[in-house]
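So you can see what is in the structure, the chains are spelled out below.
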Amino acid sequence: MRKHLLVLVTFVFALTSAFAQSGNVKGRLLDADNGEGVFGASIFVVGTTKGAVSDVDGNFRIGGLSGEVTLRISYIGYETIEMTRTVSGETDLGDIQMTPTAIGLDMVEVIASVAIDRKTPVAIATVGEAQILERASNQEFPELLKATPGVYATKAGGGYGDSRINLRGFNSTNVAVLINGVPVNDMENGRVYWSNWAGLTDVTRSMQVQRGLGASKVAVPSIGGTINILTKTTDASKGGNVSFSTGNNGYSKTSFAVSTGLTETNWAVTLSAAKVSGEGFVDGTWFEGYNYFFNVTKQINDSHTLSLTGFGAPQEHGQRQSQASIDYWRNAPDALTFNPDYGILNGEILSVEDNFYHKPQFSLNHYWDINDKSDLSTAFYLSTGTGGGGGNLGFSNASAPRIAGTYSPIDFNALIAQNQANQDGSASVALRASRNDHTWLGMLSTYSNDLNENLTLLLGADLRWYKGEHFREITNLLGADYYIDNSDINNPNAITRVGDKYSYHNDGIVNWTGAFGQLEYSKDKLAAFFSGAVSNTGYKRVDYFNYLDSDPNQTTDFQNFFGFQAKGGANYNLTDNHNIFANIGYFEKAPIFDNVFLNFANDINPDAENEKIASYELGYGYRGSNFSANVNLYRTQWKDRAFIRSIPNNSGDDIIANLKGVNAIHQGLEIDFVYQPASNLKVTGMMSFGDWEWQNDLRNVEIFDGQTRVDGPFDLAIAGLKVGDAAQTTMAFSFEYFIVPDVKVSVDWNYYDNLYAQFDPLTRRSTDLGLGTGPQPWKVPSFTTMDLRLKYDFNIGGFDASLFGNVNNLFNEEYIADATDGQNNDAATASVWFGQGRTWTGGVRIRF
């Protein structure tokens, strides 16, 4: 850590210089659609090396000028402006309107519930298109947010698209993720599979993290917060870009985008596509992915606009799913890259654990300006998914034969020989995939009416239907002719071959009906809102393997859960510089699908109930000419959380243990700031201090298999234990310096502490709760990382172009990013993954 701090101090000292100037020009850049300041735009003095970058409110200042100068103002997503002025002394250009190049973006933002600084009373952080393009390299959506207060993001096992994110201590099942306002959390378990969207950074216009209950009007699981991703719409200007990049371990990416612009007949089309591939930093985590995006927009007249959008990111990649002890990794040839979950067959890599999926999403949006006071925005969407994840059948990765000892790939030839020893041609070992194919239909509509100049009423409907088909299939018989499966009661002792279903086959059907309303008030310095939403979640399960086709119990009735949310807040701008806000909310959300149906069957859980969440937040903001900051205090109480655990019964078969009534408290302090001491230097930073604990013990726990008690009674001593799986203390500082207006170098520093290992509450048994809190999970050592970025803008053949380079984990820091608590709650027995070492990418982007 001292090494990193020394580099930071040296960097800042080298960049900071006096700004004695003979003449100044200043101004403020505003978004022509919403009046908000444009942050991060480049202002260059043509023919010189002088320039500036606009601050969080759109302000800029350039010194050392005199006489006639020409300013070139540019920012991704806005039309470029050139203006010539005569500078003498202090020249104020006033407000400069920047016109967005995207058609219909403001309408999308209504559906997507985008928060507005100094107006919407929630804690927000927004990453714009320019930042995404600069930082993405080989990083995924979660990692782009690692400098956001309350966020902890890792690459997990290290596979492409396998990143995860926690927000204020909550994992993805309790963090709402919206793409253009459409929820993408899995309808059955609430998870977000980032591999489904791994390639979409190319077409993302902005990502906004709304911490806490957020500004979303629809009833979504935003306990920790909401991640609001807005893709590009259609560019109003004709043009496009091509990009080529390369990186470590064979990383290669090619992309293009093209837009017709708005034609004379009011049509506009935007298309983009990309291919990415590589070997992966971790051994055996090869990947190949594609992404595509299209938008077709027709402005029918001044009142009606239709927009059709489609995007997807089909991919396949090798994975590392096995965590292991620290000693296991340290004894490997390379602790950071070794992977026990792949092997070699005929000289080629063959992954036991892999992932393959394609989840396209299509939406038809209609925007209707009814009159000067009201409008209606409606989105009809369809999402289909096909694919799954690979695994072993009949063997374990830990005990599989190896080519050359413990730390070598799995020997698939030895496994094939094992099958070939079977006289009847059957397989005793094979490879399989767990599939999750689904269809998702939905409609999201928002009506807005300005009741008067201060009050706006929003009403809406949120309808969803989802069907997920779950099954396992044989993918590789490893030299055998067939595999005998006795899991299907309708087809006992079935002979299965590659592509056939085995082990389980069931459907999960979800009906969601929701409605919401919001009243917004804005006058002078005060802005406030109150919103409410109701929803009914209906779950149905169809089991094709555990029940005869003639059995009426093969299909359950819908199990319905009524949920609701109520929240409100207010923001008051004390002065042009200072504002305060507060929000409060309460909501109940339906249990996840697997908490309703137990024992991997149609056994309905009579104790399934809604989880309850109450949240409170206070915030303060300061906006100055060169310094801005936010301070937030939050407290979220989570009641009646259910834990589902699989344990063996007396016969050795797995049953489901349902632990209910678990409460947790998540509270903390967050600080973030932006400081621009000079026109060519910007410093951003954040500090986040969390205090996340389980709140109550569980008494007299008993676990039953039907009417038979298989475990208990026992007590679980978990009150006061730290919530694991995410760093409770995080810090980040970033320094961006323009060496000359066209060359920018950036250094990002991140610090993580109070990261406790994930643990199973069933391991905290106590016979006497009076003895106090159970053992705390292992606390992972704190760590820091540093990233370096370089960008050079230039012109080639009349086209604007950029060279870019990124180095992540510059000093190749060795650290533990993910951990599961062990038997002794210490480092020796914990199972871990190390974070990735140094990686790099570089490339060129040409705009036309």
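How each quantity is defined
Residues numbered from 1 in each chain as written. Predicted model: local features only at pLDDT ≥ 70, side-chain atom pairs only at ≥ 80, totals over all residues. Heavy atoms only, no water. Helix = DSSP H or I, 4+ residues; strand = E, 2+ residues; numbered from the N terminus. Rg over C-alpha atoms; globule rule 2.2 N^0.38 Å. Contact = heavy atoms within 4.5 Å. Pairing = 2+ DSSP bridges. Salt bridge = Lys/Arg side-chain N within 4 Å of Asp/Glu carboxyl O. Buried < 20%, exposed > 50% of the residue type's maximum accessible area, 1.4 Å probe, protein only. Arc of directions from axis to C-beta. Polar contact = N/O pair within 3.5 Å; in protein donor to acceptor, adjacent residues only side chain to side chain. Core = buried A, V, L, I, M, F, W, Y, C linked by side-chain atoms within 4.5 Å.

J.: Sorry, what's going on with the overall build of the chain here?
T.: Within the chain, the secondary structure is distributed over 7 helices and 53 strands. For a compact globule of 848 residues, the expected C-alpha radius of gyration is about 29 Å, and the chain comes in at 28 Å, within 12% of that figure. The principal-axis extents of the C-alpha atoms in the chain amount to approximately 90 × 65 × 60 Å. Considering only residue pairs separated by 6 or more positions, the chain has 68% of its internal contacts joining residues 24 or more positions apart.

J.: Explain the pairing of strand β5 (residues 67-74) here, please?
T.: Here 4 bridges tie strand β2 (residues 42-45) to β5, and the two strands are oriented antiparallel to one another. Across the sheet, residue Ile43 finds its bridge partner in β5, namely Ile73. Here 7 bridges tie β5 to strand β6 (residues 81-87), and the two strands are oriented antiparallel to one another. The partner of Glu68 across the bridge, within β6, is Thr86. Connecting β5 to the antiparallel partner β6 that follows it, the hairpin turn spans 6 residues, and Gly77 within it adopts a positive phi of roughly 95°.

J.: Would you mind going over the pattern of salt bridges with me for this structure?
T.: Side-chain pairs of opposite charge can arise whenever the charged atoms involved come near each other. Tallied over the entire structure, the rule returns 32 salt bridges. One salt bridge connects Lys744 with Glu134, and the closest N-O pair in it is separated by 2.9 Å. Linking Lys744 in strand β46 (residues 743-756) with Glu134 in helix α3 (residues 129-135), this pair joins segments that are 610 residues apart in sequence. In this structure, Lys744 and Glu134 share a single accessibility class: buried. Among the salt bridges present, the one from Asp787 reaches Lys146, with a minimum N-O distance of 2.7 Å. Linking Asp787 in strand β49 (residues 783-796) with Lys146 in the loop between α4 (141-144) and β10 (151-154), this pair joins segments that are 641 residues apart in sequence. Accessibility classification places Asp787 together with Lys146 in one group, the buried group. Taken together, the shared-partner salt bridges in this structure form one network comprising Glu134, Arg135, Lys682, Glu736, Lys744, Asp748 and Arg789.

J.: Explain the pairing of strand β4 (residues 59-62) to me, please; I cannot follow it from the model alone.
T.: Successive residues of a regular strand alternate their side chains across the two faces of the sheet. Only one face of β4 is covered, namely the one carrying Phe60 and Ile62; the face carrying Asn59 and Arg61 has none of its residues buried. With 4 bridges connecting them, strand β1 (residues 24-31) and β4 associate as antiparallel partners. The partner of Gly27 across the bridge, within β4, is Phe60.

J.: Help me understand helix α6 (residues 412-420) in this model?
T.: Owing to its 3.6 residues per turn, the α-helix aligns residues three or four sequence positions apart on the same side. Listing the buried residues of α6 in full gives Phe412, Leu415, Ile416 and Asn419. End-on view of α6: buried residues confined to an arc of 100°, all on one side of the axis. Two or three places before Asn413, at the opening of α6, Asp411 has a side-chain oxygen 3.1 Å from that residue's backbone nitrogen.

J.: Explain the nonpolar core to me, please; I cannot follow it from the model alone.
T.: Side chains of nonpolar character tend, in soluble globular proteins, to be buried together. Counting 76 residues, the largest nonpolar core has Met207, Ile227, Trp778 and Val832 as its most contacted members. Here Val832 is in contact with Gln323, Ala324, Ile326, Trp329, Trp778, Ile816, Asp818 and Ala819, once residues within four sequence places are set aside. Within the second largest apolar cluster, 22 residues are counted, among which are Ala41, Ile43, Leu93 and Ala130.

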